[in-house]
Amino acid sequence: SQQGEEDPQALSIQEGENATMNCSYKTSINNLQWYRQNSGRGLVHLILIRSNEREKHSGRLRVTLDTSKKSSSLLITASRAADTASYFCATDAVQGGSEKLVFGKGMKLTVNP
Amino acid sequence: NAGVMQNPRHLVRRRGQEARLRCSPMKGHSHVYWYRQLPEEGLKFMVYLQKENIIDESGMPKERFSAEFPKEGPSILRIQQVVRGDSAAYFCASSPRQGLTEAFFGQGTRLTVV
């Protein structure tokens, strides 16, 4: 079953602008991760935030987590054309007897030069 | 230390044929997860294996699909009698322990059924 849902599903911005993506989930989590996927390529791990953390930074990335609202946001500052990709949030969930990552459908970001 | 290696990267099969997808985990990783990604969708869990054991196959279709992770060699995802709906990208991830907080994903195998 789907756990994370990204919002918006698609976003188009100009280079230099900031991009914000939101993720909502349904059940309790230990951590939440964000991944990037360039068209037709594999997944690149961006950042992991634990349930006891509220905010985390990595370069131009800023992730927040609000466990009371079961939501997370990913902010990419000063976007570049190379940031064009699909972005997924993934939460850990114990389903079917084992812990696994449950992914949202993803959000397509287009950064126009 | 090479990353997670999947091969082939692209695989074309006719309907009714068999597809075999391979995943070599990172060195020292004994836990392997397989995911499937349909076009314009997120990744959906299929199966979780440890060496010589299937731990959780709750996401795998009951028919035509099987997976193994032998003591020696890569993990194999096998799809028998492929149908057009099997066309997707198949990703594997490996981890040194259960859970995916330290997992690394391969580049995926893109299966096209014609």
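Residues numbered from 1 in each chain as written. Chains lettered and ligands numbered in written order. Predicted model: local features only at pLDDT ≥ 70, side-chain atom pairs only at ≥ 80, totals over all residues. Heavy atoms only, no water.

Thoughts on the interface of chain B and chain A
Many descriptions give the size of an interface as the accessible area lost when the pieces come together. Opposite the 22 residues of chain B that make contact, chain A presents 22 residues. Between chain B and chain A, the buried area comes to about 1700 Å², and carbon and sulfur atoms account for 50% of it. Interface area lost by chain B to chain A is led by L43, T101 and F105 of chain B, which between them contribute 26%. Where chain B touches chain A, the interface holds 2 salt bridges. When the shortest N-O distance is used, the salt bridge between D56 of chain B and K100 of chain A registers 2.6 Å. (Contact = heavy atoms within 4.5 Å. Buried area = accessible area lost by both parts, 1.4 Å probe. Salt bridge = Lys/Arg side-chain N within 4 Å of Asp/Glu carboxyl O.)

A closer look at the layout of surface pockets
Its volume calculated, the largest pocket comes out at about 530 Å³. Along its surface, the largest pocket is lined by 26 residues, and Q37, S86 and K108 of chain A together with Q37 and E40 of chain B are the ones closest to its centre. Of all the elements in the fold, those that place two or more residues in the lining of the largest pocket are β9 (85-95) and β11 (107-112) of chain A together with β9 (88-95) and β11 (109-113) of chain B. Top contributing element to the lining of the largest pocket by residue count: β11 of chain A, with 4 residues. (1 Å grid on protein atoms, 1.4 Å probe; cavity = no way out; pocket = protein on both sides within 12 Å on 5 of 7 lines; lining within 4 Å. Points joined across faces, edges and corners; volume = space filled by probe spheres on them. Helix = DSSP H or I, 4+ residues; strand = E, 2+ residues; numbered from the N terminus.)

Structural notes on the pattern of salt bridges
Per the stated rule, a full pass over the model turns up 9 salt bridges over all chains. Residue E53 of chain A is joined to K56 of chain A by a salt bridge in which the shortest nitrogen-to-oxygen separation is 3.9 Å. In this structure E53 of chain A comes out as partly exposed when scored by relative accessible area, which is 23%. We classify K56 of chain A as partly exposed; its relative accessible area is 28%. Residues D86 of chain B and R64 of chain B are paired through a salt bridge, measuring 2.7 Å at the closest nitrogen-oxygen approach. (Buried < 20%, exposed > 50% of the residue type's maximum accessible area, 1.4 Å probe, protein only.)

Overview of the environment of V83 of chain B
Residues and elements named next belong to chain B. Tracing the backbone shows V83 in the loop between β8 (75-79) and β9. By relative accessible area, which is 36% here, V83 ends up partly exposed. V83 sits 69 residues away from R14 along the chain, and the two C-alpha atoms are 8.1 Å apart. Among residues more than four places away in sequence, those in contact with V83 are R15, R64 and V113.

Description of the state of the cysteines
All names here are of chain A. Going through the model one piece at a time under the given rule, you end up with 2 disulfides over all chains. Here C23 is linked by a disulfide to C89, with a sulfur-sulfur distance of 2.0 Å. For the disulfide bridge between C23 and C89, the dihedral angle about the S-S bond is near 65°, and by the sign convention the bridge is right-handed. Pair noted here: C23 is in strand β3 (residues 19-24) and C89 is in strand β9, with a separation of 66 residues, a long-range link. (Disulfide = S-S within 2.5 Å.)

Thoughts on the packing of aromatic side chains
Inspection of every chain in the model, using the stated rule, returns 7 aromatic pairs over all chains. Between Y35 of chain A and F103 of chain A, the aromatic rings sit 5.5 Å apart at their centres with planes inclined by 50°, giving tilted as the arrangement. Here the residue Y35 of chain A occupies a position in strand β4 (residues 31-37), and F103 of chain A occupies one in strand β10 (residues 98-103), the gap between them amounting to 68 residues. Under the relative-accessibility criterion, F103 of chain A is labelled buried at 1%. A ring pair is formed by Y33 of chain B and Y48 of chain B, whose centres lie 4.4 Å apart and whose planes are at 5°; its orientation type is stacked. You can see Y33 of chain B sitting in strand β4 (residues 31-37) and its partner Y48 of chain B sitting in strand β5 (residues 43-50), a full 15 residues away along the chain. Judged by relative accessible area, Y48 of chain B falls into the buried class, the value being 0%. In this structure, K100 of chain A packs its charged tip against the face of F45 of chain B, placed 4.4 Å from the ring centre. (Phe/Tyr/Trp six-rings, centres within 6.5 Å; stacked < 30°, edge-to-face > 60°. Lys NZ or Arg CZ within 6 Å of the ring centre and 35° of its normal.)

What about the pairing of strand β8 (residues 71-76) of chain A?
Residues and elements named next belong to chain A. Of all 6 residues in β8, 5 are buried; the element is thus mostly enclosed. By the bridge criterion, 6 bridges tie β3 to β8 in an arrangement that is antiparallel. Counterpart to S24 in the pairing with β8 is S71. Where strand β7 (residues 61-66) and β8 come together, 6 bridges link them in antiparallel fashion. If you follow L65 over to β8, its bridge partner there is S72. Linkage of β7 to β8, two consecutive antiparallel strands, is achieved through a turn of 4 residues, within which K70 is found at a positive phi near 50°. (Pairing = 2+ DSSP bridges.)

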